[in-house]
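Results of the structural survey
Listed here are the chains, written in short residue letters.
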Amino acid sequence: MTRKLLIHQCCAVCSASFFERIPSGFRVSGFWFNPNIERSCESLKRETALREFNAIKGVETLGLRGDAHKISAAQTSPMLPRPQRCRTCYKIRMDETARVAAESGFEAFSTTLLASPYQEHESAKAAAEDAARRFGVGFVYIDSRDIYYDGKRFAVLNRLYSQKYCGCAMSLAERLASGK
Ligand code: SF4
């Protein structure tokens, strides 16, 4: 029997490599929930690219459009160094994904956060495992960091927006300070 898998998607770039590693036997739905992104225009660019990616793959996109899920930036991504602030950020996103998965009849969920070599991988995995336990739904661990740059190439080829910073105000400030 085909099982339903809800994929929390942070962006199109991470999704591109991640989707190559999803095990067979699942019917996949995408889930847009990233209230951590500084600047509405940036959030909109990522969401648009994500919906374009899902259209290419023939995957439905769940989640509220635009900034409708926006919550306090201080709550999502407190002004702390990494990885401390990221743990809070991951927890909020994994809790919501697990809640939606459990309430909507999905057997399991996962997250494209696990695709990026720039994320705190073990913290994201731990947040997902903890959410799965508390909400009574499965978690499928997938690691596609080794093909992350294939995803980047896919995004370029398909003219999908590729962001320059992780999301929160501090990550934007760090990016600007790096001069890259
Ligand atoms: S750096 Fe990224 S994962 Fe960490 S708190 Fe900021 S937006 Fe969240």
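Read on for a plain summary of the structure. (Residues numbered from 1 in each chain as written. Predicted model: local features only at pLDDT ≥ 70, side-chain atom pairs only at ≥ 80, totals over all residues. Heavy atoms only, no water.)

1. So, the side chain of S171
Tracing the sequence through the fold places S171 in helix α7 (residues 169-178). When sequence neighbours within four positions are dropped, the list of residues in contact with S171 reads R85, Y165 and C166. (Helix = DSSP H or I, 4+ residues; strand = E, 2+ residues; numbered from the N terminus. Contact = heavy atoms within 4.5 Å.)

2. Points about unusual backbone geometry
In most cases, non-glycine residues show a negative phi, while peptide bonds are predominantly trans. Of the consecutive residues R82 and P83, the connecting peptide bond is found in the cis state with omega at 0°. When you line up the elements, P83 lands in the loop between α3 (73-76) and α4 (84-103).

3. Remarks on the layout of surface pockets
Roughly 590 Å³ of internal volume is contained in the largest pocket. For the lining of the largest pocket, the elements supplying multiple residues, two or more each, are α1 (12-18), α6 (148-157) and α7. It is α7 that contributes the most residues to the lining of the largest pocket, four residues altogether. In terms of residue class, the lining of the largest pocket is built from 11 nonpolar, eight polar and eight charged. (1 Å grid on protein atoms, 1.4 Å probe; cavity = no way out; pocket = protein on both sides within 12 Å on 5 of 7 lines; lining within 4 Å. Points joined across faces, edges and corners; volume = space filled by probe spheres on them. Nonpolar A, V, L, I, M, F, W, Y, C, P; charged D, E, K, R; others polar.)

4. Some words on the pattern of salt bridges
One pass over the structure, following the stated rule, counts 15 salt bridges. With its nearest N and O atoms 2.7 Å apart, the salt bridge here joins K91 to D95. Of the two residues, K91 and D95 both sit in helix α4, four residues apart, roughly one turn of that helix. A residue is classified by how much of its surface remains accessible, and K91, at 40% relative accessible area, is partly exposed. R134 serves as the salt-bridge partner of D95, at 2.6 Å between the closest nitrogen and oxygen. Here D95, found in helix α4, pairs with R134, found in helix α5 (residues 121-135); they are 39 residues apart in sequence, far enough to count as distant. Salt bridges here are not isolated pairs; linked through shared partners, they connect K91, D95, D130, R133 and R134. (Salt bridge = Lys/Arg side-chain N within 4 Å of Asp/Glu carboxyl O. Buried < 20%, exposed > 50% of the residue type's maximum accessible area, 1.4 Å probe, protein only.)

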